[in-house]
Amino acid sequence: MSVLLRGGLVVTCDPDHRVFQGDVALAGGRIVALGEEARAALATDYQVVHAQGKAVLPGLIQGHIHLVQTLFRGLAEDVPLLTWLRRFLWPLEAAHDERSLRVSAELGLAELLRGGTTTLLDMGTVHGHDVVLDACARSGIRALSGKAMMDRGEGTPPALLENTRAALREAERLSRDWPNRPDARVRYAFCPRFVLSCSEEMLRGCAALAAEAGALLHTHAAEQVEERAAVRALLGTDDLTALARCGITGSRTVLAHGVHLDDDEIRALAAADTAVVHCPSSNLKLGSGIARVADLHRAGVRVGLGADGAPCNNNLDAFMELRLAALLSKINAGTSSLSAREALHLATLGGARALGLGELIGSIEVGKRADVIVVDLQDIHTAPALDLFSTLVYACQSRDVRHVFVDGQQLVHDGELLTLDAPRIAAQAREEAPRIARKAGLA
Ligand SMILES: [Zn+2]
């Protein structure tokens, strides 16, 4: 189905940050024409979406999510990272089964899509990842997603401790089932959890498989002081060096967090072209710190934005992360260090580039995939919306998202999910979360 988005304020997020009032034509899964040429570019049979008084944006991109944790929202509060993992998150993940995994993924996907996120990079848990990939595919979202890889680590429940070879074989099988093709909406990404959870053999194996498959490598790094010290005590070196030695570095590597990076490490990331995903809510809630986003930017590191998992946020709301990224940078690096326009870049073209998808998505440009959202600017909390970028970053909320398209397919219409049954998912989540908490010995 072709679509004409008519009369909106089009925030292209292209390299020139062009904004214009007018039309956008979507056909064959792509953006085919802009402005006055849009209507003529479509055949007679097309759907018109009225966008007057609304902003038309590229779909938002979140570079670090854990769909399998959405069900654990509110179950792990007020503790730092390693305690949070060992006492709460790992036992909960170990208690997951097929039913709870599906509900958790669907709950996350429903929240993400309704809030205007059209692409995510997602780290799963150790087992059952087919269910998560299948839920992504059914929802229509664009996803890069992989199972977590874990073959060692203090406090890891036996159910999450993998045999290294078997884990690598399973990841390889998943990457064959969900290959890295440009036309595929769901693709596999290799996700060693973090240095403390992975042997050298596991890290090297992931790097080799990802290189062979042309897939992304995604892990956590430099998140927290205590975690970095634990890595140094275990390996005698820091996490970034340990990862790089095993091949987890370079243009296909995406590191979540990067909160505690010194100048040399930032330079090394830039030189290697390793990407970083900033997760401001998560870094605040786990007391981890504030990432040096402006410095990363200045050094030329590709930076994206992500909500991380629901238990360390507790939302998956891209607008919240945009707002926090801009606000925190003012504290960290000065009031003009990250403008609203630059913050929006993190969740659009900058985020796409961080995931190696800059040619495909991230901006409203002719030829790109038709991942587009329509955001209402007329509500009380956004009026009078005179400065478009500051309205979007500081005033807008996820509930202002009216329409969402991925590959030109409409997934949200006037705030309603078209591919996911929100009331059914919320009801199942209310049943499944206490069941899994009991199974994990936490309730
Ligand atoms: Zn994470």
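Residues numbered from 1 in each chain as written. Predicted model: local features only at pLDDT ≥ 70, side-chain atom pairs only at ≥ 80, totals over all residues.

Peer 1: Whenever I open this one, the overall build of the chain confuses me. Can you help?
Peer 2: Scanning the chain for helices and strands turns up 16 helices and 19 strands. A globule of 443 residues ought to have a C-alpha radius of gyration of about 22 Å, and the chain, at 21 Å, matches this closely. Taking the principal axes of its C-alpha atoms as reference, the chain extends roughly 60 × 45 × 40 Å. Considering the chain as a whole, with its 443 residues, one finds that 56% of them fall into the buried category. (Helix = DSSP H or I, 4+ residues; strand = E, 2+ residues; numbered from the N terminus. Rg over C-alpha atoms; globule rule 2.2 N^0.38 Å. Buried ≥ 20, exposed ≤ 12 C-beta atoms within 10 Å, placed from the backbone.)

Peer 1: Is there a simple way to think about the domain arrangement of the chain in this case?
Peer 2: The accessible area lost on association of the parts is a frequent measure of interface size. One can read the domain layout of the chain as domain 1 (2-58 + 364-417) and domain 2 (60-354). Once you take the C-alpha centre of each, domain 1 and domain 2 turn out to be 28 Å apart. Across the contact, 23 residues belong to domain 1 and 24 residues belong to domain 2. Those elements that place two or more of their residues in the side of domain 1 that touches domain 2 are β16 (372-376), α15 (388-395), β17 (401-406) and β18 (409-413). Top element by residues in the side of domain 1 that touches domain 2 is α15. It accounts for five residues. Considering only residue class, the side of domain 1 that touches domain 2 consists of 15 nonpolar, six polar and two charged. (Domains from an automatic or database assignment. Contact = placed C-beta atoms within 7 Å. Nonpolar A, V, L, I, M, F, W, Y, C, P; charged D, E, K, R; others polar.)

Peer 1: Just to check I follow, could you spell out the sheet that holds strand β6 (residues 60-65) for this structure?
Peer 2: Read from one edge of the open sheet, four strands run β6-β7-β8-β10, paired in parallel fashion. Each edge of the open sheet carries a strand with a single partner, namely β6 and β10 (186-188). When the angles between neighbouring strand axes are averaged without regard to direction, this sheet yields 15°. (Pairing = 2+ DSSP bridges. Axes fitted to C-alpha atoms, helices over the stretch in contact; angles between N-to-C directions.)

Peer 1: Whenever I open this one, the sheet that holds strand β14 (residues 275-278) confuses me. Can you help?
Peer 2: The strands making up a sheet associate through backbone hydrogen bonding, with each pair oriented either parallel or antiparallel. Here we have four strands laid out as an open sheet, ordered β12-β13-β14-β15, and parallel in their pairing. At either end of the open sheet lies a strand with only one pairing partner, and these are β12 (217-221) and β15 (303-305). Taking the axes of each pair of neighbouring strands and ignoring which way they run, one obtains an average angle of 30° across the sheet. With five bridges connecting them, β12 and strand β13 (residues 253-257) associate as parallel partners.

Peer 1: Teacher, can you tell me more about α15 here?
Peer 2: Along an α-helix, a turn takes 3.6 residues, which lines up residues three or four apart on a common side. Among the residues of α15, those classed as buried are T391, L392 and V393. Next to the buried residues of α15 lie β5 (54-58), α12 (318-333), α13 (340-346) and β16.

Peer 1: Looking at this structure, I do not really get the nonpolar core. What am I missing?
Peer 2: Soluble globular proteins tend to bury their nonpolar side chains together. V24, V56, L109, L322 and A325 are the most contacted members of the largest nonpolar core, which has 148 residues in total. Among the elements that make up this core, the one with the highest residue count is helix α3 (residues 98-114) (eight residues). (Core = buried A, V, L, I, M, F, W, Y, C linked by C-beta atoms within 7 Å.)

Peer 1: What's the story with the pairing of β17 in this structure? I'm lost.
Peer 2: A regular strand places its side chains so that they alternate between the two faces of the sheet. Among the six residues of β17, six are classified as buried, and the element is accordingly described as predominantly covered. Alignment of β16 against β17, held across four bridges, turns out to be antiparallel. Paired with V374 across the strands is H403, a residue of β17. Pairing between β17 and β18: three bridges, direction antiparallel. The partner of V406 across the bridge, within β18, is Q409. Adjacent in sequence and paired antiparallel, β17 and β18 are bridged by two residues, among which D407 carries a positive phi angle near 50°.

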